[in-house]
Amino acid sequence: MLLFMHQGFAQDFLPYVDPKIGNVGHLLQPTRPTAQLPNQVMRMHPVRADYIDDQVKSFPLLVVSHRLGEVFAVKPHTGATAPGAMTYDHDLEVTRPWVYETYLVDDEITVRYTPGEKAGIFRFTFPAGKPKHLQFSPYNSGFFEWIWLDNKSVAAVETWHDDVKVFLYGEFSTPGATGKQQISFGAGAPETIELRYAVSFVSAEQAKKNFGKEVGNGISFDALEKKGEAAWAKVINQVQVTGGTEAQRRSFYTALYRCYERMVDITEDGSYYSGYDKKVHTGARRPFYVDDWSWDTYLAHHPLRTILNPQQEEDMLQSYVNMYEQSGWMPTFPVLFGDHACMNGFHSSVTFLDAYRKGLRNFDVEKAYEGMKKNASEATMLPWRNGPKGPLDDVYLTKGFFPALPKGEKETDPMVHGFEKRQAVAVTLGGAYDDWALGQLAGELKKNSDKAAFAKRALNYKNLWQPQVKMFMPKDGQDNWIKIDPKIDGGMGGREFYDENNGYTYQWQVQHDIAGLRDLFGGAKEMEAALDQLYREGLGRSKYEFWSIFPDATGLTGQYSMGNEPSFHIPYLYNYTGSPWKTQKRIRFLLDVWFKDNIFGIPGDEDGGGMSAFVVFSSMGFYPVTPGIPEYSIGSPLFEKVSIQLAGNKQFTILAHNASVVNKYIQSAKFNGQPLLKPVFTHGQLVSGGTLELEMGPKPNKSWGAM
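Residues numbered from 1 in each chain as written. Predicted model: local features only at pLDDT ≥ 70, side-chain atom pairs only at ≥ 80, totals over all residues. Heavy atoms only, no water.

Undergrad: Outline the confidence of the model for the protein, listing residues and values.
TA: Averaged over the protein, the pLDDT score is 97; the fraction of residues at 70 or greater is 99%. This stretch, residues 1-6, has a pLDDT under 50; its non-local contacts, to residues over four places away or in other chains, come to 7 contacts. (pLDDT = per-residue confidence, 0-100. Contact = heavy atoms within 4.5 Å.)

Here it is, written out as structure tokens:
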């Protein structure tokens, strides 16, 4: 406790973090019990199917990128050969953000691991009197080299994703007998063997320097572990809560932990390898970050960081700018090897606008704008494709919508991804939001002709609104409607027209112009009725039939899919129909039903902080419905008090008097002591150190916030 008192924290909330939450996916990807320092390169979790699997296939010395692979596998064993998989005991597994431990039952080996920034230490404790072997192997095809420098030190290289070389330098705590990719220790060796190592994306020499700086300096395993615990205490305890249930605190703080998995700082002594020009850059004066999926993270993850660590967010945005300068395109899924051609949209444009309007200036905004405009004018909008535009993009640029292929017709454009298809409605709606962001930033930068041009394109979403069904529906290249069933048509994931979700989710993808969407519905009451129906509309078929087509649409409540990012803002839209009590009701229900504090506690792909940021915001009681507009929409806090420590020794506080599981409805509100009559407040009010004060009750006050 003294550690946390010295750091200025009233209470230590680290015990509430449980990396096992969500370790079994409902249908798709589970979370992983990742041991890592916040936003640092060194990540490790056991390679297994999910938590239910009682065998570990291997332990990676490095998880290179979220869900995109590992390097340098190690298997400890006592037999003549390494097993294909190692059985472990679930109840003997220790999972903390800064340490991992497991017990391998068959060989009676305890494995414990703690990370540094670009280094780590494995500790293997073998049974007395048994042989001690460590077998190493690559995860990837391509160049691999494992060189024993002597009987206790090693240098290695593994090639990740075709062309990225990961260099390693490591030392063992005691000498051993070395083989090809194995080291063995005799009966007289200590029962506990440590492997200390560091990695580099720059060079073998830099890997050895990283080693010397982090784990070659005499630091003990326990001291490195304590150092990791302190790093996590700093970020987790930045947000302090009072009240809520034990389960709510566990879910909340575990979500906050997940938000620090990425982006990761790959700078090494002022140098970094860039996958954007395939060069090593030297003399870097600020961190260079990679590993982001903006389709997932522009919604809540990046906005959360503008509150918790705006300086770090600026460094990340400058990293995006550097990537643009190095590659010629502004990235959207920037990972270590380059811009990963994934999903759709140029949503990094929204992230730049959002940061700029929240007062973040320490990045090259003019160069950022140049890259945003190039994407909007010259890049293809096709899903899972990078590079110059093609004929389908020209339809969007001339007619204001992305053309779909009529049902049953064979694809003729070779640029279209065979599995991902055109996603025409999703691309149009996402493009309108991105174009709005570009136009708005143009206005901020006094580029008035661009502002006008992109403001017009921001309204392209209206071109696919079909008033008869009150949904966004596809058109072909000749401007003809394509008749579909928006619940189920479009092939796997609805990708011919939508993306991973059906038309009921994409009915609401107009975050940048909620008033315009409301008008399309015919007014606030009509929009409210459609929102109500979203949560009540049946699947029209069995769940297994629906999920055989839409496996990403999990966490279902009617047609609403809590398990996928495009749904995050939807329950907050009641705040724009004069019925914020329904937002309060829905948010509490969704958090309670779908985000439990157990291994099934994440309703969809968590996406490295993308979904967790929604939980963090919503549990605190507010959410950024429209990144790019610096304001927050109020929901229903789980806690009686939330305090966020801000830059400049300021603090934002939410007081939710009488908040409980039952008392979820706002009766009245004040901001800084003044009556608050609408369910929104600004980013400026937050970062100034304001206080939002709510009176909570068990029944809705239907008049509060009914603007």
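Undergrad: How would you sum up the sheet that holds strand β31 (residues 641-646)? Please name residues and give values.
TA: Read across the open sheet, the 6 strands follow the order β18-β31-β32-β36-β33-β34; overall the sheet is mixed. This sheet does not close on itself; its edge strands, each paired only once, are β18 (239-242) and β34 (674-675). By the bridge criterion, 6 bridges tie strand β33 (residues 665-671) to strand β36 (residues 691-697) in an arrangement that is antiparallel. Residue pairing in the sheet places Lys670 in a bridge with Glu693 of β36. (Pairing = 2+ DSSP bridges. Helix = DSSP H or I, 4+ residues; strand = E, 2+ residues; numbered from the N terminus.)

Undergrad: Residue-level account of the packing of aromatic side chains, with values.
TA: Summed over the entire model, instances satisfying the criterion amount to 48 aromatic pairs. Here the aromatic rings of Phe122 and Phe124 are separated by 5.5 Å at their centres, their planes lie at 5°, and the arrangement is stacked. The class of Phe122 is buried, set by a relative accessible area of 0%. The buried category is assigned to Phe124, whose relative accessible area is 0%. Judged by centre distance (5.7 Å) and plane angle (70°), the rings of Phe614 and Tyr623 are edge-to-face. (Phe/Tyr/Trp six-rings, centres within 6.5 Å; stacked < 30°, edge-to-face > 60°. Buried < 20%, exposed > 50% of the residue type's maximum accessible area, 1.4 Å probe, protein only.)

Undergrad: Report on the sheet that holds strand β4 (residues 59-65), specifying residues and quantitative values.
TA: Strand order in the open sheet made by the 5 strands is β4-β5-β11-β16-β15, with antiparallel pairing throughout. Looking at strand neighbours, the two that pair on one side only are β4 and β15 (177-178), the edges of this open sheet. Taken together, the 2 bridges between β15 and strand β16 (residues 182-185) define a ladder with antiparallel strand orientation. What sits directly across from Ala177, in β16, is Ser184.

Undergrad: Would you mind going over the packing of helix α14 (residues 514-521) against helix α15 (residues 524-534) in detail, with residue names and values included?
TA: The geometry of a pair of packed helices is captured by two quantities: the angle between their axes and the separation between those axes. Relative to each other, α14 and α15 sit at 90°, their axes nearing to 7 Å. Between α14 and α15, the interaxial angle falls into the category roughly perpendicular. Residue-level inspection shows Ile514, Leu517, Arg518 and Phe521 of α14 in contact with α15, the latter providing Ala524, Glu526, Met527 and Ala530. (Axes fitted to C-alpha atoms, helices over the stretch in contact; angles between N-to-C directions. Parallel < 35°, antiparallel > 145°, perpendicular 65-115°, else oblique.)

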